[in-house]
Amino acid sequence: MGIPPELRRLAIGSFLFLLVGIGGTIALPYITDNPGAAATTLSPEELRGRSIYKREGCWYCHTQQVRKPEANTGTVRLPGDIGPETIPADYAGQRPTFWGTERQGPDLSHTGSRQSVVWQREHLRDPQSTSPGSIMPSFGHLPADEIEALVAYLVTLK
Amino acid sequence: MGWAPPPGRNHSMTTIQRPSPSLLTTRPPAPSLPRADDSPPARWFFYSAIGWLMLNVVLGILLSIFLYTPAIQDAIPDTLRTQLNFGRLRPVHVSAGIFGWVSMAWAGAMLYITPRLLRTHLYSDRLAWLTLAVWNAAILGTVITLPLGYSQGREYAEIPWLFDLMLTACLAMLAVNIWGTIARRTERRIYVSVWLFAISSSVSVVVYAVGNKIWDPSGSYTGLNDAIIQYFYIHNLFNAWFTTAAFGIVYYLLPRLTGNPLFSHRLAMWGFTSVWTGQHHALWSPAPEWLELTSVAFSILAIIPNAALAYVFMMTMRGRWGTLRENLPLRWLSAGIVFYLFTCVQGIAQSFRTFSSYIHFTNWTIGHSHLAFVADYSFFAFALATYLLPRMFGRPLSARRVAEWHFWATFLSITAFMYVLWFIGIRQADGWADQVPFLQIVRDLKPLFFVRLLAGTALALSQFLFLYVVIRTVTGPRDQSEQPAPAIATVG
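Residues numbered from 1 in each chain as written. Chains lettered and ligands numbered in written order. Predicted model: local features only at pLDDT ≥ 70, side-chain atom pairs only at ≥ 80, totals over all residues.

Asker: Would you take a moment to explain the overall build of chain A for this structure?
Answerer: A count of helical and extended segments in chain A gives six helices and zero strands. If you list the helices and strands of chain A from N to C, you get α-α-α-α-α-α. With the C-alpha coordinates of chain A rotated into their principal frame, the extents come out at 70 × 35 × 30 Å. Looking at chain A alone, contacts between residues at least 24 apart form 69% of all its contacts between residues at least 6 apart. (Helix = DSSP H or I, 4+ residues; strand = E, 2+ residues; numbered from the N terminus. Contact = placed C-beta atoms within 7 Å.)

This is the structure:
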């Protein structure tokens, strides 16, 4: 009996609606948003650290997004130390972005402003040493050079 | 309102030829099924789905333990320590669950249901077998490569490039099979489920391709746009694929399991709305404000198809609530629909900026995603399995008592699991709002994470009861009698 005209019309309609959705969601922001220049440009070592951050799935438990209502009031250790609201320029050039969806651990948008290189290294090797009671696993099994790259990346998050 | 058949009407092929009043006000053609009505490709889609479910639940237990006692990961031998840890295994749990278990059950359901509603054969069995093989290969490749560290680093889109291409091809092949079956149908009227399957399978190809940026091996866009497209993808993966197809499955099973005609086909057709942005998943974000507000408006509009589903469900169930006691597939379906409506209420609430600013990023979100995937989609998949597998073999469901245990164990453990996650979420949100140090909240919630571990483990172990029921049903003795298969598996 073939494909009935109603279904054909519906299919075309659905695809047009989908195109409108894609246009509104993807194309328009793509055209209109100028994220500006990157706040920080990463060195090859820092970029390597970032790819380790992606590979190990750090971003499942740590967000990199401070929202307006919690900006400068949210708390990691001291009241308000979550830092300022993140803006489009903070994400310029990132592939992919690590907004994240859950915080089993604290937001890391500004972790570089809170903690030193030494602290980050210790924390990655043995989270309990710096954060007793933390539920973060140790990353001491990673080769030393990967830990250093990861630390180099983390301290750029300011 | 419902279109009632004229008295004395039978559903033989001769009467089906007469012009129907309207394409949109018909009841589905009654099942005139032979004794054993099998469809091997569809059946193997179900077997594959159940296999991936088992991997998913085993990983679920493991991840739950890792989250409660992270130190246990250090006890893993050095050779496997790199691969077996929370960050590497979490995407395997999710991918096997959504693209293996639920998606393959959906594809199997589409391949089985579509030709039967259209009174014809599947367009191509060979294409269906090919789809099955490529799909399994893609999931197998995914569950091997993700622990090895090949994640693309985007949630629900971690799958490496090659397997992205394979899954896109699978969705496209599925769409071709469904549209091809429609083109060769002998049934004049097209039932709502077929409309939903046809649109869902084809629109999902675009959603998956765009969301995973399949023309780029890295799979990610750049900067803010990467995040915006990510949420478009996540949302429409649910909207266009999981939910649209689920509506088709619900509208197929409901009249069959209740014995009532679908209350209103016209109302059921309202399921086709709201494919739009997913920006409501990240409110107060750096994305443009107009985009967030548009997405909130569209979230509220989701009331329309979901209220239609609720009304059609309630009205079709009239006079049949008592049968829930005996009718296991209907009980799975009904519980799934009630949970689904709960998901919608919760989802719309979460899309308001006030509530979102409070609850977003907490464990509440994980409760919500398990509500959708376990209590809604998996319940529908259990309804499909307990209804279709016996029909495929022409005999009642085996190990009926174990199947009952599976229902109640799953129902109670998922309920406990979700409530503890929502409670943890509210406690976290409260602590964050009160400027309690982050680590203090983590320590305070430790006992609740243990409850979560217990409930999650119970939920995962319950699925082995399901595996047992399926194996017993599949390997049981063939029914030698000429009696038609009972529509509803009965006790005994």
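Asker: Any chance you could explain the domain arrangement of chain A here in plain terms?
Answerer: Many analyses report the size of an interface as the accessible area lost when the parts associate. The domain architecture assigned to chain A consists of domain 1 (1-33) and domain 2 (44-154). Look at where the C-alpha atoms of domain 1 of chain A and domain 2 of chain A centre, and you get two points 39 Å apart. (Domains from an automatic or database assignment.)

Asker: Can you walk me through the environment of A:Arg48 in this structure?
Answerer: All names here are of chain A. Within the secondary structure, Arg48 is located in helix H2 (residues 44-55). Classification of Arg48 by C-beta neighbours within 10 Å gives partly exposed; the count is 18. Linking Arg48 and Ala152, residues 104 residues apart in sequence, is a C-alpha distance of 9.1 Å. (Buried ≥ 20, exposed ≤ 12 C-beta atoms within 10 Å, placed from the backbone.)

Asker: Quick question: what am I supposed to make of the nonpolar core here?
Answerer: The tendency in soluble globular proteins is for nonpolar side chains to be buried as a group. Counting residues in each nonpolar core, the largest one holds 163 residues, and the members touching the most others are B:Ala49, B:Ala105, B:Met110, B:Val250, B:Leu333, B:Phe380 and B:Leu384. Here this core gets 23 residues from one element, more than from any other, and that element is helix H8 (residues 224-258) of chain B. Residues in contact with B:Phe380, not counting those within four places in the same chain, are B:Ala246, B:Ile249, B:Val250, B:Leu333 and B:Gly336. Counting eight residues, the second largest nonpolar core, distinct from the first, contains A:Val66, A:Ile135, B:Ile441 and B:Val442. (Core = buried A, V, L, I, M, F, W, Y, C linked by C-beta atoms within 7 Å.)

Asker: When you look at the environment of B:Val250 in this model, what are you seeing that I'm missing?
Answerer: All names here are of chain B. With respect to the helices, strands and loops of the structure, Val250 is situated in helix H8. By C-beta crowding, Val250 is classed as buried, having 26 other C-beta atoms within 10 Å. Separated by 130 residues in sequence, Val250 and Phe380 place their C-alpha atoms 7.5 Å apart. Apart from the residues lying within four places of it in its own chain, the contact partners of Val250 are Leu309, Leu333, Ile337 and Phe380.

Asker: Just to check I follow, could you spell out the domain arrangement of chain B for this structure?
Answerer: Residues and elements named next belong to chain B. Segmentation of chain B into domains returns domain 1 (37-220) and domain 2 (248-476). Here the C-alpha centre of domain 2 lies 19 Å away from the C-alpha centre of domain 1. Between domain 1 and domain 2, the residue contacts involve 31 residues of the former and 30 residues of the latter. Only helix H2 (40-68), helix H4 (86-117) and helix H7 (192-211) provide two or more residues apiece to the side of domain 1 that touches domain 2. At 14 residues, the largest contribution of residues to the side of domain 1 that touches domain 2 is made by H2.

Asker: Looking at this structure, I do not really get the packing of H8(B) against helix H14 (residues 364-393) of chain B. What am I missing?
Answerer: The angle between the axes and the distance between the axes are what describe a pair of packed helices. Residue and element names in this part refer to chain B. Packing of H8 against H14 brings their axes to within 11 Å, and their N-to-C directions diverge by 40°. As summarised for this structure, H8 and H14 are arranged oblique, according to the angle between their axes. The crossing of H8 and H14 is left-handed. Taking contact as the criterion, the partners of Phe242, Ala246, Ile249, Val250, Leu253 and Leu257 in H8 are, on H14, Tyr377, Phe380, Ala383, Leu384 and Tyr387. Here the residues of the contact of H8 with H14 sort into eleven nonpolar, no polar and no charged. (Axes fitted to C-alpha atoms, helices over the stretch in contact; angles between N-to-C directions. Parallel < 35°, antiparallel > 145°, perpendicular 65-115°, else oblique. Left-handed = near helix turned anticlockwise from the far one by under 90°. Nonpolar A, V, L, I, M, F, W, Y, C, P; charged D, E, K, R; others polar.)

Asker: Hey, could you run me through the interface of chain B and chain A in this one?
Answerer: The interface is formed by 67 residues belonging to chain B together with 61 residues belonging to chain A. Counting only elements with at least two residues in the side of chain B that touches chain A, the list comes to H2, H4, helix H6 (161-183), H7, H8, helix H10 (289-301), H14 and helix H16 (438-444) of chain B. Per element, the largest residue contribution to the side of chain B that touches chain A is seven residues, and it comes from H8(B). Its residues assigned to classes, the side of chain B that touches chain A comprises 37 nonpolar, 20 polar and ten charged.

Asker: Sorry if this is basic, but what is going on with the environment of A:Val117 here?
Answerer: All names here are of chain A. Among the secondary structure elements, Val117 is positioned in helix H4 (residues 117-125). Taking the C-alpha atoms as reference points, Val117 and Gly140, separated by 23 residues in sequence, lie 16 Å from one another. Leaving out residues up to four positions away in the same chain, Val117 has contacts with Val151 and Val155.

Asker: Would you explain unusual backbone geometry in this entry?
Answerer: Leave glycine aside and you will find that most residues have negative phi; peptide bonds, for their part, are mostly trans. Of note, the amide linkage connecting A:Arg95 to A:Pro96 takes the cis form, showing an omega dihedral of -10°. The residue A:Pro96 is located in the loop between H2 and helix H3 (111-114) in this model. A positive phi angle, near 65°, is found at B:Tyr156, a position not held by glycine. With respect to the helices, strands and loops of the structure, B:Tyr156 is situated in the loop between helix H5 (125-145) and H6. At B:Lys213, a residue that is not glycine, the phi angle is positive and equals roughly 45°. Checked against the element boundaries, B:Lys213 lands in the loop between H7 and H8.

Asker: Looking at this structure, how should I read the confidence of the model for chain B?
Answerer: Detailed reading of the predicted coordinates is not advisable wherever pLDDT is low. Residue and element names in this part refer to chain B. Averaged over all residues, the pLDDT of chain B is 89; the fraction at 70 or higher stands at 88%. Averaged pLDDT values for the elements of chain B fall to 37 in helix H1 (residues 13-16) and rise to 98 in H5. Below pLDDT 50 for its whole length, residues 29-34 participates in nine contacts with residues either more than four positions away or in separate chains. (pLDDT = per-residue confidence, 0-100.)

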